[in-house]
Structures are given as C-alpha cells and as structure tokens.
Amino acid sequence: MRRIRHYTYGGPEVLRAEEAEPPVPGPGELLVRTAAIGVTLPCVRRVRGDGNGGGDPLPGVIGGEIAGEVVALGPETTGFAVGDRVTSLTLTGSYAELALAPALLASHIPDGASAVQAVALVRGGHVALAALDTAAPTGTESVLITGAASGTGHLAVQLAKLRGVPRVVAAVGSEAKADFVRALGADEVVTYDQASWGEPADIVLDGVGGELLPRALGALATGGRLIFFNSGGGTVPAYELLAGSKTLTGLTMRHFSTAHRELYDRHHTQLWELAGSGRLRAAVHAELPLADASKAHAIIEARSNLGKVVLRP
C-alpha cells in the first residue's frame, strides 16, 4: 500500500510517499480502505514537532481523520462488518491507502453521503458540538470563535447560530475570509491583527491556541468561559483568570467520546440530520491526491483554507 511518512521534523517538504505492508487490526480495531483523509492543523504541527507533547516519534506516521470501507476486523471487534462505510479518528497512520481505526471512535456513513462529506462533517462537527455543550451558552450569551474559517471553526459558527446564540463573532487570520464566515451566519468578523476584537464575549471557543491564547482570554467578558480544544498550547496568566472571574476548560474528543458516549452518539445523528436538511454545510476547500500531502500541509500552514482540506488515495 501507499502511505506518507516523515523522517525529520519540518514543513511540508519533509513528507515522503512510500510503499509499506498493510497494517493488521488488533483487538477493537478496524482496517479501513481510505477514500478520504482529513488534513488538520494538529497534523501539521506534529510534523513540525511543535504540537502538544512535541511531534510524532520519528519516523512519523501521521494520525488523523479518515473515511472509507472496512476491509477487516480485529479480534473482539463488534458493531461493524466488512463492507461497512465508516468515518473515524485514527491514532496513527491515517495518511495511507489502508488505515487502522479504533472501533470506539468509528461511526457509520449514511447511504447517499460521500466519504469526503463524512471527513468534512463528522470530526469537526463533533468537536464543535462538544465545545458548545461544554460552554453551555444561554439564549442571551455571545460566542467568539477563533479559527472560524477552519474545518472545525466554520461548522462551529453555523452550529452556534443554530443553537440560538444571538451574537457570534468569527475571529480569522485575514479579511479575505470575512465574506466566507459571514455567509455562514457570523454576526461580526474580527482579524487577529486588530488591536481590539470589539465588545467582550461571554464565551470563547479557541481552536488555535499558541500566541493567540492570551488574546482569546482577553476577549472574554468578566465571568466568561474559554473552551480550549486546539493543539497549539499556550500560556495564560493565572491572575487574569482570578481578576476576571474567568474559566478555561480543556477539551479532547478522545475523553469526551468515552465520558459522554450517549451524547457523542446523539451528536453524530444530529450532524447528519442537519447536513441532510441543508441547515449545516460542511465546506471543502480542496481535494488533493494522497501523493500531494505536502501541498495540503502548505495550504494549512498558510492559513488560506476556507473549510476542510482533504486527501484522496
């Protein structure tokens, strides 16, 4: 099979295509023939060696989002059969023609939906819904979303409006993305380089982190809460939390999907219902061949994407 690896940390240029033996599914795992692979900022950061906890061990086999067809089941794996169309998060080896997926994190793709649509909708949608549930906005509270044009962010903008948030502020890297997020329902748009992000928000959903985290915290109103779901790390002064009666809550889908399994499953059903009715649109910025993984990473590094970037084996 064909896969992508990296033997040193760095930019898109370090990614290499190579031939490898297919992986063998272990207990609780599915072997999936991939039809679509999601490219995310955490993947890019790990290849550079600056993700949370550093980069992938070298040689690096990138993990992320996939959609495709189950071709084999590991021992003690239930709920799926060979031939099922699924989407899942993988812990390693997603940039490949065949990938292992934990059955716990996999879900079925409805009839009539494409693999590309599944990759664009499901993972980012789950993160957005989990962040909104964790923040629990009331009917009067405002929400600011960083990375609002990203694969997750553009879904979070729409889902916040669908949940009745009266003021959704989209924070983006450049004015070139403003029309895109406004068309999705954003009431206000700010760019990261603006001196002020306007009236403080009651809730911030931060999908960027790093140097932007202090700005995100500063954009919170007194008593506000920040939901932190990115791989960028960052540092905030504890005193600002104290003085502003603010809270910061970390969110990982690996924990959320196990600790709140029933809610996670309801989210999955809700995402497909909203997409099927046309109320939620999963935007795909680009579809590229697996061999062009470096081009996909370059798009993410340039922060030029409007929605999801997808690889096709």
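Now for a quick tour of the structure.

Procedures and definitions
- Residues numbered from 1 in each chain as written.
- Predicted model: local features only at pLDDT ≥ 70, side-chain atom pairs only at ≥ 80, totals over all residues.
- Heavy atoms only, no water.
- Helix = DSSP H or I, 4+ residues; strand = E, 2+ residues; numbered from the N terminus.
- Rg over C-alpha atoms; globule rule 2.2 N^0.38 Å.
- Buried < 20%, exposed > 50% of the residue type's maximum accessible area, 1.4 Å probe, protein only.
- Contact = heavy atoms within 4.5 Å.
- Areas by Shrake-Rupley, 256 points an atom, 1.4 Å probe, with all protein chains shown as cover.
- Lys, Arg positive; Asp, Glu negative; His and termini not counted.
- Charge placed at Lys NZ, Arg CZ, Asp CG, Glu CD.
- Salt bridge = Lys/Arg side-chain N within 4 Å of Asp/Glu carboxyl O.
- Pairing = 2+ DSSP bridges.
- Right-handed = clockwise from strand over helix to strand, strands pointing away.
- Axes fitted to C-alpha atoms, helices over the stretch in contact; angles between N-to-C directions.
- Parallel < 35°, antiparallel > 145°, perpendicular 65-115°, else oblique.
- Nonpolar A, V, L, I, M, F, W, Y, C, P; charged D, E, K, R; others polar.

## With respect to the overall build of the chain
The helix and strand tally for the chain stands at nine helices and 15 strands. By the compact-globule yardstick of 20 Å for 313 residues, the chain fits well, its C-alpha radius of gyration being 19 Å. A total of 313 residues make up the chain; the buried ones form 54% of that total. Of the contacts made within the chain by residues no fewer than 6 positions apart, 64% connect residues no fewer than 24 positions apart. Carbon and sulfur atoms form 52% of the exposed surface of the chain, whose accessible area is close to 12,900 Å². Averaging the coordinates of the 27 positive side-chain charges in the chain and doing the same for the 31 negative ones gives two points 1 Å apart.

## Examining the pattern of salt bridges
Applying the stated criterion to the full structure yields 14 salt bridges. One salt bridge connects Arg225 with Glu141, and the closest N-O pair in it is separated by 2.6 Å. Residue Arg225 is found in strand β12 (residues 220-228), and its partner Glu141 is found in the loop between α2 (115-135) and β8 (143-146); the two are separated by 84 residues along the sequence. When its relative accessible area of 18% is taken as the criterion, Arg225 is described as buried. Residue class for Glu141 comes out buried when judged on its relative accessible area of 14%. Lys161 is the salt-bridge partner of Asp187, the closest N and O atoms lying 2.9 Å from each other. Pair noted here: Asp187 is in the loop between α4 (178-183) and β10 (188-191) and Lys161 is in helix α3 (residues 153-162), with a separation of 26 residues, a long-range link. Judged by relative accessible area, Asp187 falls into the partly exposed class, the value being 39%. Judged by relative accessible area, which is 27%, Lys161 ranks as partly exposed.

## Observations concerning the pairing of β12
Buried residues dominate β12, accounting for seven of its nine residues. Alignment of strand β11 (residues 201-206) against β12, held across five bridges, turns out to be parallel. When the bridges of β12 are listed, Leu205 appears paired with Ile227. Following the chain from β11 across helix α5 (residues 213-218) to the adjacent parallel β12, one finds a crossover that is right-handed.

## Details of unusual backbone geometry
Across the junction of Leu58 and Pro59, the peptide omega takes the value -5°, indicating a cis bond. Backbone geometry places Glu76, a non-glycine residue, at a positive phi of 60°. Assignment of secondary structure puts Glu76 in the loop between β4 (65-73) and β5 (85-89). Unusually for a residue other than glycine, Arg303 sits at a positive phi of about 55°. Its place among the elements puts Arg303 in the loop between α9 (293-301) and β15 (308-312). Judged by relative accessible area, Arg303 falls into the partly exposed class, the value being 35%.

## Points about the side chain of His297
Mapped onto the elements, His297 comes out in helix α9. Take His297: its relative accessible area is 1%, and that puts it in the buried class. Not counting residues up to four positions away in its chain, the partners in contact with His297 are Pro12, Leu15, Val39, Cys43, Val44, Val47, Ile62 and Tyr95.

## Remarks on the sheet that holds β11
Spatially, β10-β9-β8-β11-β12-β13 is the arrangement adopted by the six strands of the open sheet, whose pairing is parallel. This sheet does not close on itself; its edge strands, each paired only once, are β10 and β13 (247-250). Going from strand to strand, the sheet's axes swing by 20° on average, the running direction of each strand aside. Of the strand pairs in this sheet, β12 and β13 are connected by four bridges, and their pairing is parallel. Bridge assignment links Leu226 to a residue of β13, and that residue is Leu248.

## A closer look at the packing of helix α1 (residues 41-48) against α9
Between α1 and α9, the least distance of the axes is 10 Å, while the angle of their chain directions is 105°. Judged by the angle between their axes, α1 and α9 are roughly perpendicular. Here α1 contributes Leu41, Cys43, Val44, Val47 and Arg48 to the contact with α9, which in turn contributes His297, Ile300 and Glu301. Looking at side-chain class alone, the contact of α1 with α9 contains five nonpolar, one polar and two charged residues.

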